[in-house]
Amino acid sequence: MVHNENLPSRVTHMSTSSLHADAYLNEGPDVAPVISTSSTYLFNKHEHGANNYGKDQWYEYSRYGTPTLARAEAVISKLTHGFATVHSSGLSSLFSLLIHFRPTRIIMKHGYFGSDNVVSIYRSVVPEAVVLGLDCEYKENDFVWLETPVNPTGEIEDIQYFANKAHAVNARLVVDSTFAPPPLCDPFKHGADIVMHSGTKYFAGHADVLCGVVIVKCSKTNEALHRQRDVLGDVPGNLESWLLLRSLRTLELRVLQQSKTCQMLVSWLANGAKGSTLVETDGIPVGSIVSVKHASTQTFSPSFDVCNQHPHGFGPVFSILFSSKEQALYVARNLKLTTFATSLGAVVSLVDWRHGGDSAQDPRLLRVSIGLENIEDLKNDWRSTIVASESAIRKNKL
């Protein structure tokens, strides 16, 4: 683990920080960061346990950290305004927090089923732990797990509301902000104590990395999480660390464009849903789309300043509900520019039939993650595929 250093105070923009926040860790002539492939490192020749790579950099064994991973964590720390620990997956990040804090009361609601599974495993280790809903009465030391935006709809929760509720009784608020990475949302500004991301999604952004990130505000907690990772061994590999670092360079550009395109597509599809009882909307057959859910279509309480929480747009994930399971599967399987696969956050658009992995989800529902394709190309693809699905229904082929 290295000590993160800040950029000059005049550097305030995310795009610049993405490129230069780790510059102080570069000890070689390479412009592009190199991949550290070694599993072990030379000791300092003069003092055992002293820095052996560069200023404040101490490496011994890759389970304890590598130069490449240190650079990725330095960039993430700067972009998220905290101290970052990267794990081998998002779920291992959640498990690391549960093991570290050992809560006996976990406050959460159903969102990503993987998080539910991690909590179940934790409860097998700590059988006295109970799971309660977000609307319950909080108590001291509660572990409040808030997923926002919510999987699979992309709808959002009021972070400040839950922060106030948790802090009133000295409970801890942990926000899973995977669906709204920087620059879309900074949960710390709204009261979060800890922020978690599945780095597999937007941080890595190219459907080629598996990793998770925990960001805390306290350097001592960060050090403790690193020591725990050293023991458990849930550290990302060398190539994954390098691919993550490469992807962070373009995080702001990617996410802002994906958010913009997503909101345009959601608006267009939502108009098609409204037309289901009126007339065909821009070529979308009447009755095909039952509803479209996304933060941009959500109704909020007047007390929730949603623009303050999401000043630069909403997450690029939404859900769409079709008239039947068969139609939903037809659309998912036949879109040409939106790949039928799970996960989200990639530069390519993805569509997932969530019922296949989570039986609690409506079988008519698709989760859609928008990539970097042109909006008109996406609209044309969705239009032609929905029309084809209606034709197949009429011919009794579904």
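Up top you'll find the structure we're talking about.
The text that follows walks through the structure, step by step, so that each part is easy to find. No experiment lies behind these values; they were computed from the predicted model shown.

**Comments concerning the pairing of strand β4 (residues 143–147)**
Among the 5 residues in β4, 5 count as buried, and that is most of the element. Residue alternation in β4 divides its side chains into two sets, Phe143, Trp145 and Glu147 and Val144 and Leu146, and both sets are buried. When strand β2 (residues 105–107) meets β4, the two strands line up parallel, connected through 2 bridges. By the bridge assignment for β4, Ile107 is matched with Val144.

**A few points about empty space enclosed by the protein**
Counted by the stated rule, this structure contains 2 cavities of 30 Å³ or more. Approximately 60 Å³ is the volume attributed to the second largest cavity. The wall of the second largest cavity is formed by Lys109, His110, Gly111, Leu134, Trp145, Leu146, Glu147, Val150 and Glu157. Its residues placed into classes, the lining of the second largest cavity shows 4 nonpolar, 2 polar and 3 charged.

**Notes on the side chain of Ser177**
Inspection of the secondary structure puts Ser177 in the loop between β5 (172–176) and β6 (194–197). Look past the residues within four positions of Ser177 in its chain and what remains in contact with it is Thr148, Cys185, Pro187, Val195, Met196 and His197.

**Topic: the sheet that holds β5**
Strands sit in the order β1-β7-β6-β5-β4-β2-β3 across an open sheet of 7 strands; the sheet is mixed. Unpaired on one side and paired on the other, β1 (83–87) and β3 (130–132) mark the two borders of the sheet. Within this sheet the neighbouring strands show an average axis-to-axis angle of 20°, counted without direction. In this sheet, β6 lies alongside β5 in parallel orientation, the contact comprising 3 bridges. Residue pairing for β6: Val174 is matched across the bridge by Ile194. Its contacts with the sheet put helix α3 (residues 90–101) on β1, β2, β4, β5, β6 and β7 (212–216), and the angle it makes with β7 is roughly 40°.

**Regarding the layout of surface pockets**
By volume, the second largest pocket is sized at about 380 Å³. Contributing to the lining of the second largest pocket are 24 residues, with Leu91, Tyr112, Asn151, Ser198 and Lys201 lying nearest its centre. For the lining of the second largest pocket, the elements supplying multiple residues, two or more each, are α3, α4 (113–125) and β4. Of all the elements, α3 adds the most residues to the lining of the second largest pocket, at 3 residues. Here the residues of the lining of the second largest pocket are counted per class, giving 10 nonpolar, 9 polar and 5 charged. Here the lining of the second largest pocket spans two domains, and each of domain 1 (14–248) and domain 2 (252–395) adds at least three residues to it.

**What about the pattern of salt bridges?**
Tallied over the full model, the rule gives 10 salt bridges. Arg105 is the partner of Asp142 in a salt bridge, and the nearest nitrogen-oxygen pair spans 2.7 Å. Here Asp142 is found in the loop between β3 and β4, whereas its partner Arg105 is found in strand β2, with 37 residues between them in sequence. Here Asp142 and Arg105 have matching classes, each one buried. Glu376 is the partner of Lys379 in a salt bridge, and the nearest nitrogen-oxygen pair spans 3.6 Å. Taken together, the residues span about one helical turn, with Lys379 and Glu376 both in helix α11 (residues 375–394) at a distance of 3 residues.

Rules used in this analysis
Residues numbered from 1 in each chain as written. Predicted model: local features only at pLDDT ≥ 70, side-chain atom pairs only at ≥ 80, totals over all residues. Heavy atoms only, no water. Buried < 20%, exposed > 50% of the residue type's maximum accessible area, 1.4 Å probe, protein only. Helix = DSSP H or I, 4+ residues; strand = E, 2+ residues; numbered from the N terminus. Pairing = 2+ DSSP bridges. 1 Å grid on protein atoms, 1.4 Å probe; cavity = no way out; pocket = protein on both sides within 12 Å on 5 of 7 lines; lining within 4 Å. Points joined across faces, edges and corners; volume = space filled by probe spheres on them. Nonpolar A, V, L, I, M, F, W, Y, C, P; charged D, E, K, R; others polar. Contact = heavy atoms within 4.5 Å. Axes fitted to C-alpha atoms, helices over the stretch in contact; angles between N-to-C directions. Domains from an automatic or database assignment. Salt bridge = Lys/Arg side-chain N within 4 Å of Asp/Glu carboxyl O.

Geometry only, nothing functional implied.
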